[in-house]
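Here are the chains, one letter per residue:
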Amino acid sequence: MLSKKTIEIVKATIPLLQERGTDITKRFYQIMFTEHPELLNIFNHANQKQGRQQQALASAVYAAAVHIENLEAIVPVVKQIGHKHRSLGIKGEHYPIVGKCLLQAIKEVANAPQEVLDAWAEAYGIIADVFIQVEADMYKEAEEKDWKDFRRFTVVKKVIESSVITSFYLKPEDGKELSTFEPGQYVTVKVNIEGEQYTHNRQYSLSDAPGKDYYRISVKRESGMNETPAGIVSNYLHNYVEEGSVLELSAPAGDFVLNQESKLPVVLISGGVGITPMMSMLRTLEYNSNREVYFIHGALNSEVHALKAEAQEIAEKAEHVQVYTCYSQPTEEDRQNKNYDKEGFIDLAWLQSITSNEAEFYFCGPIPFMKHMNGMLKEWGVAPERIHFEFFGPAASIE
């Protein structure tokens, strides 16, 4: 239980965190990776370079300060981050390191007096305990499924889905039973790339339904393997991982999952590689469901549109499924073949013409796409509890 004085001091730092939060978290990561370079084997280097991890942590610290009197309010955020931590292998013993480096960053960036540092040390201890307990439960759940940390999987099939996306079908190397998962969840893939000093971890959505004897991930090739960390793992997978290769995976994780209890229609909206968790949901709703399903995908054109034939095949077999395609830059061949439903971006008027706002909406894609979708659905009056979305990588503001 935090003292009244500690709560008052922490709340008094809210304006500082609003103004300098990202500066503090940037310095925090610099300190932590300098003093503990071994942690670079866990954290996503690309997110560090792009600044997304720093922004996400700044938002989390700010939220903790705002809700310091009622930390129950941040439990949904804790669980979301906890899934990512468990998937990456971040454990309780890492939290004292984080606390020490965070306090040092606050001291340096904000020139904070000892009173503020002491208050944040006390508050951090309470907040860290919440994270540790939530994540401990997640580790226990994974271990109960006979999955401790990372398991070795063999690539049994590799399929080129488009000019930028390739699917990898994976089975456990030991031949043991495959854990089930919730449609929409992801796995962390750990790779050791020749010439790279540190291990690289990336999280990829599972793109098929649970209940199969394999997992499938569909990976977009990011640009610049030798120029930016963003492309290192995806290019490695595309260029060097073949059928028979072995990859290490952590147990499925994530809280962006299909609500299978709802009876409302389901609208699945994706942009680019955001189609991957949506395909898992679609394949789950393909059978044993009477709910209307609207599967809407936006892409540049057919050259980069992955899994299109698979979605259309589902719609042909399942009367309750409708599939729509939007191309923002269709090729001449696309226009001649009329193989899309809308040219341009998904807009509210078009969406209203095919479905109702009395539905469960799920969307995933690039951040600008997500912000557009969220704003559009709010404008349409969709209830907040029926708007579900997933960020690839650290969470960002969707406003």
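Overview of the structure. (Residues numbered from 1 in each chain as written. Predicted model: local features only at pLDDT ≥ 70, side-chain atom pairs only at ≥ 80, totals over all residues. Heavy atoms only, no water.)

**So, the pairing of strand E3 (residues 186-191)**
Moving on, step 1. Here E3 lies mainly inside the structure; five of its six residues are buried.
Moving on, step 2. Of the pairings in the sheet, the one linking E3 to strand E4 (residues 200-205) comprises six bridges and is antiparallel in character. When the bridges of E4 are listed, Lys190 appears paired with Asn201.
Moving on, step 3. With two bridges connecting them, E3 and strand E6 (residues 246-250) associate as antiparallel partners. For Val189, the partnering residue across the bridge sits in E6 and is Leu249. (Buried < 20%, exposed > 50% of the residue type's maximum accessible area, 1.4 Å probe, protein only. Helix = DSSP H or I, 4+ residues; strand = E, 2+ residues; numbered from the N terminus. Pairing = 2+ DSSP bridges.)

**Topic: the pattern of salt bridges**
Moving on, step 1. Scanning the model with the defined rule gives 22 salt bridges in all.
Moving on, step 2. Residues Arg283 and Glu310 are paired through a salt bridge, measuring 2.8 Å at the closest nitrogen-oxygen approach. Residue Arg283 is located in helix H9 (residues 275-285), and its partner Glu310 is located in helix H10 (residues 308-317); the two are separated by 27 residues in the primary sequence.
Moving on, step 3. Counted as one network, the salt bridges with shared partners bring together Asp208, Lys212, Arg216, Arg283, Glu286 and Glu310. (Salt bridge = Lys/Arg side-chain N within 4 Å of Asp/Glu carboxyl O.)

**Concerning the nonpolar core**
Moving on, step 1. Ranked by size, the top nonpolar core spans 47 residues in total, and within it Phe28, Met32, Phe43, Ile68 and Trp120 carry the most contacts.
Moving on, step 2. Counting residues per element, the ones that place at least two in this core are helix H1 (4-12), helix H2 (14-35), helix H4 (52-66), helix H5 (75-88), helix H6 (95-110) and helix H7 (114-144).
Moving on, step 3. Per-element accounting of this core gives the leading share, 11 residues, to H7.
Moving on, step 4. Every residue in contact with Ile68, bar those within four places of it in the chain, is listed here: Leu2, Ile7, Val10, Lys11, Ala123 and Ile127.
Moving on, step 5. Ranked by size, the runner-up nonpolar core spans 25 residues in total, among them Leu206, Val233, Leu237 and Val241. (Core = buried A, V, L, I, M, F, W, Y, C linked by side-chain atoms within 4.5 Å. Contact = heavy atoms within 4.5 Å.)

**Let's talk about the sheet that holds E6**
Moving on, step 1. Within the open sheet, the six strands sit side by side as E4-E3-E6-E1-E2-E5. Their pairing is antiparallel. Of all strands in the sheet, those bounded by a partner on one side alone are E4 and strand E5 (215-220). Between one strand and the next, the sheet's axes are offset by a mean angle of 40°, whatever the strand orientation.
Moving on, step 2. Across the sheet, H5 lies against strand E1 (150-160), E3, E4 and E6, angled at about 35° from E3, the strand it touches most. (Axes fitted to C-alpha atoms, helices over the stretch in contact; angles between N-to-C directions.)

**Comments concerning the side chain of His83**
Moving on, step 1. Looking at the secondary structure, you find His83 in helix H5.
Moving on, step 2. A distance of 3.0 Å separates a polar side-chain atom of His83 from the backbone nitrogen of Gly254. (Polar contact = N/O pair within 3.5 Å; in protein donor to acceptor, adjacent residues only side chain to side chain.)

**Points about the sheet that holds strand E10 (residues 342-343)**
Moving on, step 1. Reading across from one edge, E10-E9-E8-E7-E11-E12 is the order of the six strands in this open sheet, with parallel pairing throughout. Pairing within the sheet leaves two strands with one partner each, and these edge strands are E10 and strand E12 (387-390).
Moving on, step 2. In this sheet, strand E8 (residues 293-299) lies alongside strand E7 (residues 266-271) in parallel orientation, the contact comprising six bridges. Its bridge partner lying in E8, Ser270 is registered against His297.
Moving on, step 3. Sitting on the sheet, H10 is in contact with E8 and strand E9 (321-327), with an inclination near 150° to E9.
Moving on, step 4. Strands E7, strand E11 (360-364) and E12 of the sheet are contacted by helix H13 (residues 367-379), whose axis makes an angle of about 160° with E11.

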